[in-house]
Amino acid sequence: FYAGGRIIEYCCRATRPYSEKQLREIRYLFETWQEWLARRNIRFLLVIVPNKHTIYPEYLPRWITRVGEKTRLDQITNYFKTHSSVEMLQLKEPLLEAKKRARIYYITDSHWNDEGAYVGYSHIIDRLSKWFPQAKPLPRSAFIARRVLQPGGDLAVMLGQEHHFKEDNIVLEPRKKRRARRVEADELLAKHQKERGRMREPLVMECEDAQIPRAVMFRDSMSVALIPLLSEHFGRIVYLWQDEMDPFVIEREKPDVVICEIGERGLVKDRYLRERLEELRQIK
């Protein structure tokens, strides 16, 4: 398990809960984004992917005991249900149910595997079908599960033991050829990202006869396994590896929907809220 960024305090032991003020600020942040997009007739979906700790607490060391009643993720979930209009998809419950049938996170890595990502993908498309009724996720039967023994993931790499701790990986291969194809990013968009110090270029996927016209997705590393699945449903979707909304990108792409995918461990950091609130001045 990953233990950096006070993840044990925030997400496991619940010893540092949000204050009421922080919860109000989180609501203000995402409602500001949603309102800015709504004025441009753009839908907004917030997707939160839980930590491996949250889905598999039974494998944590015994000293990591729960102290507080609710983790920060629990607080956000409960607060948004009763206090916010933001369309939020919290994947904790679907993943807890899915783990009864298959292993859905890597052993040597901090991320979900293809089985877990499929659960997230199917619920994202289901939620988007409220706005785009023609959108339907591919059934699990559309994929073949293949087991691959490979070097260990990011946790093994942190230990310098990726060749000692192997990963018995589960790969989902589509039975039919994927329709989505990668295209070159807009020159101005790529330049904009470079000027903002982004190490990774925008990833742009297009698909003919798609169910959803255009999208922009702000995402983190949890979306690596989502991209091949989600891209099949969009005429054009731009993936940006960042955790803040960028008005320039939205104005340039003019999407029908904006998706913000963020992992639990990134969202609950105090630094995340502080930095995002400072950037709100860009949202007019």
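Preceding this paragraph is the structure being described.
Residues numbered from 1 in each chain as written. Predicted model: local features only at pLDDT ≥ 70, side-chain atom pairs only at ≥ 80, totals over all residues. Heavy atoms only, no water.

### Details of the overall build of the protein chain
Just so we agree on the cut-off: We count a stretch as a helix when DSSP gives it H or I for four or more residues in a row; a strand needs E for two or more, and each element gets its number in order from the N terminus. This radius of gyration counts C-alpha atoms alone. The globule rule is 2.2 Å times how many residues there are, raised to the power 0.38. Partly exposed describes any residue whose relative accessible area lies between the buried limit of under 20% and the exposed limit of over 50%, with all areas from a 1.4 Å probe on protein chains only and scaled to the type maximum. The criterion used for residue contact is that any of the two residues' heavy atoms lie within 4.5 Å. In this description, accessible areas are obtained by the Shrake-Rupley approach with a 1.4 Å probe, and a residue is regarded as covered only by the protein chains that are shown.
A count of helical and extended segments in the protein chain gives 12 helices and 9 strands. In terms of C-alpha radius of gyration, the protein chain reaches 19 Å, essentially the compact-globule figure of 19 Å for 284 residues. Burial status across the protein chain gives 53% buried among its 284 residues. Considering only residue pairs separated by 6 or more positions, the protein chain has 75% of its internal contacts joining residues 24 or more positions apart. Approximately 14,400 Å² of the protein chain is accessible, and the part contributed by carbon and sulfur atoms is 50%.

### Thoughts on the pairing of strand E7 (residues 212–219)
Threshold: When DSSP locates at least two bridges between a pair of strands, those strands are taken to pair.
Across the 8 residues that make up E7, a large majority, 6, are buried. Pairing between E7 and strand E8 (residues 234–241): 7 bridges, direction parallel. Along E8, the bridge assignment pairs Val216 with Val238. Summarising the sheet, E7 and strand E9 (residues 257–263) pair through 4 bridges and their orientation is parallel. Counted as the bridge partner of Ala215 is Val257 from E9.

### Quick notes on the packing of helix H2 (residues 20–38) against helix H4 (residues 72–83)
Inclusion rule: The convention used is that axes are lines fitted to C-alpha atoms, helices contributing only their stretch in contact, and that angles between N-to-C directions extend from 0 to 180 degrees. By convention, the crossing between two helices is left-handed when the near helix turns anticlockwise from the far helix through less than a right angle, and right-handed when the turn is clockwise. Only Asp, Glu, Lys and Arg are considered charged in this grouping, and only Ala, Val, Leu, Ile, Met, Phe, Trp, Tyr, Cys and Pro are considered nonpolar; every other residue, Gly among them, is considered polar.
Here H2 crosses H4 at 65°, and the two axes come no closer than 11 Å. Crossing angle aside, the handedness with which H2 passes H4 is right-handed. Facing H2, whose interface residues are Glu20, Gln22, Leu23, Arg24, Ile26, Arg27, Phe30 and Glu31, H4 presents Arg72, Gln75, Ile76, Tyr79, Phe80 and His83. Among the residues making up the contact of H2 with H4, the classes are represented as 6 nonpolar, 3 polar and 5 charged.

In short, the description is geometric, and any link to function would need to be established separately.
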